[in-house]
Amino acid sequence: MITIREGSSPREDQHWTITRQHVSLRNMATNYSPSSSSPSSASSSLTIDEESNPLTLSWRGVNVYAKPAAGGSGQRRRTGASTHSSELRILKNVTGVCRPGELLAIMGASGAGKTTLLNVLTYRNNHKLRITGDLFVNGRRVDPDTLTSRSAYVQQDDLFIGLITVREQLIFQAALRMDRHLTHGERLARVDQVIMDLGLSGCEHTRIGTQGLDRKLSGGEIRRLNFACEVLTNPALLFCDEPTSGLDSFLAQNVVSMMKGMAEKGKTVLSTIHQPSSEVYAMFDRVLLMAEGRVAFLGNPDEALLFFSKLGVACPAQYNPADYFINQLSVEPGRRAACLVHIASVCDAFEVSREGEAVIDDVLANEGASLQQLDSNSLHSGPAEGVASRSPYKSSWTTQFQWVLWRSWLETRREPQIIRVRFLQILAMAVLLGFMYRQDGPLLNVASVNGGLFVLLCNMTFQNATMVINSFCSQKELFLREHHNGMYRADVYFLAKNLVDGPFFTFYAVLYTSIYYFLVGFSADVDRYLVCVLTAVLVTWCALSFGYFLSCVSPSVNVALLLLAPFLLVFMLLGGYLLNVRSVSPVMKAVQYLSWFSYGHEVLMVNQWAGVVNITCAAASKCYPDGEAILQQLNFSATGVGPDFACLCGLILGYRSLAFLCFHLRAARSKPRR
């Protein structure tokens, strides 16, 4: 759970009041009128979802089981509600409905199943669960892609690129999530309107910042930015996961007021919420009370008071009903057995009550609803896209690539660690190691020269592989969220990141090698220098490709870094400098083909010593008559340089392809299935 700083800044109080919020919500997601003050309003024709049919969402008999830690089936079975005894039942025959024009609040104590139910309804985070039940929208079963195209999910935690501004974030979202038939000017007009409606004008040009490091926005601004990203498309169905957590009472009331305003315009709004105030509770059209994975009540707030009153546990006057209901449905320490009996009696009573039967009737009515209001295409983006647009993506591949590349470039260009710290690190390491291995005078220390060449390979590997793991792994959660929201494909993100990172890492490899090469005093021949630079670049790309591979197969940055060390140690030992590879086992010789150290080492050694005669050695070093003797000792040959370059290129493509395959599979596996 992300901790958000409470309180509002002065600019928040200026730009976001309750009165203004009610006025602005009436205009949200509608066309600009000709009299609008916006310069682009005259040509704007934003009809995003305005003419689409409202959506009724219902779910029946939903059961959720936590899979066994080991030995369980890897597939979700949907026949029957029985489970293995080792499975933990989280949701128990949950049934409900949310209609257009309603704001439904899902409430309950911690562990009641609120978030699990929301995840089931949104097809998220379900890959470790076994789920049974039915989900319908306007009489039609829905799949994840269909639901994504017409819904939005405001999640509790905030995942943003901290180096871009609020306005840039909304422009990026508008470019990839709004209907493709809209012009760029119309998208910008929609961004302007959302910024104004949600009171983000005072911080629209402020960088978002990173949570816990350099957060530039207040908690209220971050939460409103979360909402702004989702309401850009004016979704017909809106899910919210505890949108008021971490906010003070004023901001919480304004957030719920905004959700209420969207519901009043015919949207279907569902939200989990944790202990709302009495003022916030009064705004809900209907409440769903959950306890121990069961439905304790579903109906309007007044009916809830009457229902609990009939059970003999009426809410006292001047008492917050939300707090009272949650207390009644909580398990108190030391009274677990009695509390579970009381909760079961409440849930059983609701099932046979008039309100419970009304819910069943509404659910069955929705499952048999006439399809006149929802044809085979109307669940998708809009009328202009037709049958061929069943993809959850609102924009074309080229548009996705253009905008993801744009954001990646902004992020890299503004990252001080990449631009400044990395540059200073390269200079410091090149100068320090260059002087350590420097060859002064006509006498050569062959061992130092060979060691200097191998250190070059090591630096090109360790620095770059670690760097790409830290940068790529840290954004996988953001990618998975945006990918699930139907913003862009996995190949788009992967290719854009590679294209943006490539030039920077290549430049640093050339810079480091150039300084290091001449400081050490390697061969002054220009051709040999260029070969050394090319080899360093190829080794850098191999390390980057392997870093991408480990990033894609690892669940976190720490795991990827833990895997990196043993792999690179083995590859380094098989490079031929620290170990005589002719003495290793056949299995390890096979692994040698996966090591770029062996290919890069041979190229650098041949490049340095081929054609060198009459070596004059330093007194304290082992002497060789010529360069050929050095190469023979290492079993290197000038004829192997061409194949070495080919193998380096092959490793780059091979590791990069494996990385993309794992990345694509992870993205597909994270996509919920029913």
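Preceding block: the structure.
Residues numbered from 1 in each chain as written. Predicted model: local features only at pLDDT ≥ 70, side-chain atom pairs only at ≥ 80, totals over all residues. Heavy atoms only, no water.

## Comments concerning the sheet that holds strand E10 (residues 294-299)
Part 1: Taken in spatial order, the 6 strands line up as E6-E7-E8-E3-E9-E10 in an open sheet, and their pairing is mixed. Looking along the sheet, the strands with just one partner apiece sit at the ends: strand E6 (151-154) and E10. Strand-to-strand twist across the sheet, computed as the mean angle between neighbouring axes with direction ignored, equals 15°.
Part 2: One ladder, built from 5 bridges, connects strand E3 (residues 103-108) with strand E9 (residues 286-291); its direction is parallel. Note that in E9 the partner of Ala 105 across the bridge is Val 287. (Pairing = 2+ DSSP bridges. Helix = DSSP H or I, 4+ residues; strand = E, 2+ residues; numbered from the N terminus. Axes fitted to C-alpha atoms, helices over the stretch in contact; angles between N-to-C directions.)

## Thoughts on the side chain of Lys 476
Part 1: Examined against the element boundaries, Lys 476 turns out to sit in helix H17 (residues 476-484).
Part 2: Within the structure, the side chain of Lys 476 is placed 2.6 Å from the backbone oxygen of Ser 551, a separation counted as a polar contact. (Polar contact = N/O pair within 3.5 Å; in protein donor to acceptor, adjacent residues only side chain to side chain.)

## Details of helix H22 (residues 596-609)
Part 1: If you check H22, its first and last C-alpha atoms are 20 Å apart, about what 14 residues at 1.5 Å a residue would give, namely 20 Å.
Part 2: Of all 14 residues in H22, 14 are buried, a share of seventy percent or more.
Part 3: A distance of 3.2 Å separates the backbone nitrogen of Phe 597 from a side-chain oxygen at the start of H22, and that oxygen is part of Ser 595.
Part 4: Phi turns positive one or two residues past the end of H22, at Gly 611, with a value near 80°. (Expected span 1.5 Å × (residues − 1). Buried < 20%, exposed > 50% of the residue type's maximum accessible area, 1.4 Å probe, protein only.)

## Quick word on the packing of aromatic side chains
Part 1: According to the stated counting rule, one finds 44 aromatic pairs in the structure shown.
Part 2: Between the aromatic rings of Phe 454 and Phe 597, the centroid separation amounts to 5.9 Å while the plane-to-plane angle is 40°, which identifies the pairing as tilted. One end of the pair, Phe 454, is in helix H16 (residues 446-473); the other, Phe 597, is in helix H22, with 143 residues separating them in the sequence. Like Phe 597, Phe 454 is buried.
Part 3: Ring geometry for Phe 494 versus Phe 660: centroids 5.6 Å apart, planes at 55°, classification tilted. Of this pair, Phe 494 sits in helix H18 (residues 490-520) while Phe 660 sits in helix H24 (residues 641-669), and the two are 166 residues apart along the sequence.
Part 4: An aromatic cluster of at least three residues, connected via ring pairs, comprises Phe 172, Phe 472, Phe 479, Tyr 488, Tyr 493, Phe 494, Tyr 548, Phe 660 and Phe 663.
Part 5: The ring of Tyr 65 is capped by Arg 130, whose NZ or CZ atom sits 4.4 Å from the centre of that ring. (Phe/Tyr/Trp six-rings, centres within 6.5 Å; stacked < 30°, edge-to-face > 60°. Lys NZ or Arg CZ within 6 Å of the ring centre and 35° of its normal.)

## Description of the nonpolar core
In a soluble, globular protein the nonpolar side chains are often hidden away together inside.
Part 1: Ranked by size, the top nonpolar core spans 187 residues in total, and within it Trp 59, Phe 284 and Trp 596 carry the most contacts.
Part 2: Beyond its immediate chain neighbours, meaning those up to four positions away, Phe 284 contacts Leu 103, Ala 105, Met 107, Val 256, Ile 273, Pro 276 and Pro 301. (Core = buried A, V, L, I, M, F, W, Y, C linked by side-chain atoms within 4.5 Å. Contact = heavy atoms within 4.5 Å.)

## Considering unusual backbone geometry
Part 1: The backbone of Asn 138 sits at a positive phi, close to 50°, despite the residue not being glycine.
Part 2: As for its placement among the helices and strands, Asn 138 is situated in the loop between strand E4 (129-137) and strand E5 (140-141).
Part 3: If you check the backbone angles, Asn 234 has positive phi at about 50° while not being a glycine.
Part 4: Inspection of the secondary structure assignment puts Asn 234 in the loop between helix H7 (219-231) and strand E7 (237-241).

## A closer look at the environment of Leu 478
Part 1: Mapped onto the elements of the fold, Leu 478 is located in helix H17.
Part 2: Judged by relative accessible area, Leu 478 falls into the buried class, the value being 7%.
Part 3: Taking the C-alpha atoms as reference points, Leu 478 and Ile 161, 317 residues apart in sequence, are found 8.4 Å from one another.
Part 4: Sequence-distant contacts of Leu 478, that is, excluding residues within four places in its chain, are made with Leu 159, Phe 160, Ile 161, Arg 407 and Tyr 488.

## Here's the deal with the pattern of salt bridges
Two side chains with opposite charge may pair up if their charged atoms get near one another.
Part 1: This structure, assessed with the given rule, holds 18 salt bridges.
Part 2: For Lys 394, the salt bridge goes to Asp 179, with nearest N and O atoms at 3.8 Å. Of this pair, Lys 394 sits in the loop between helix H13 (354-367) and helix H14 (397-414) while Asp 179 is found in the loop between helix H5 (166-177) and helix H6 (184-197), placing the two residues 215 residues apart along the sequence. We note that Lys 394, like Asp 179, is buried.
Part 3: The closest approach of N and O atoms between Asp 285 and Lys 260, which form a salt bridge, is 2.5 Å. Taken as a pair, Asp 285 in the loop between helix H9 (278-283) and E9 and Lys 260 in helix H8 (residues 249-264) lie far apart in primary sequence, 25 residues in all.
Part 4: Taken together, the shared-partner salt bridges in this structure form one network comprising Arg 60, Asp 134, Arg 141 and Glu 367. (Salt bridge = Lys/Arg side-chain N within 4 Å of Asp/Glu carboxyl O.)

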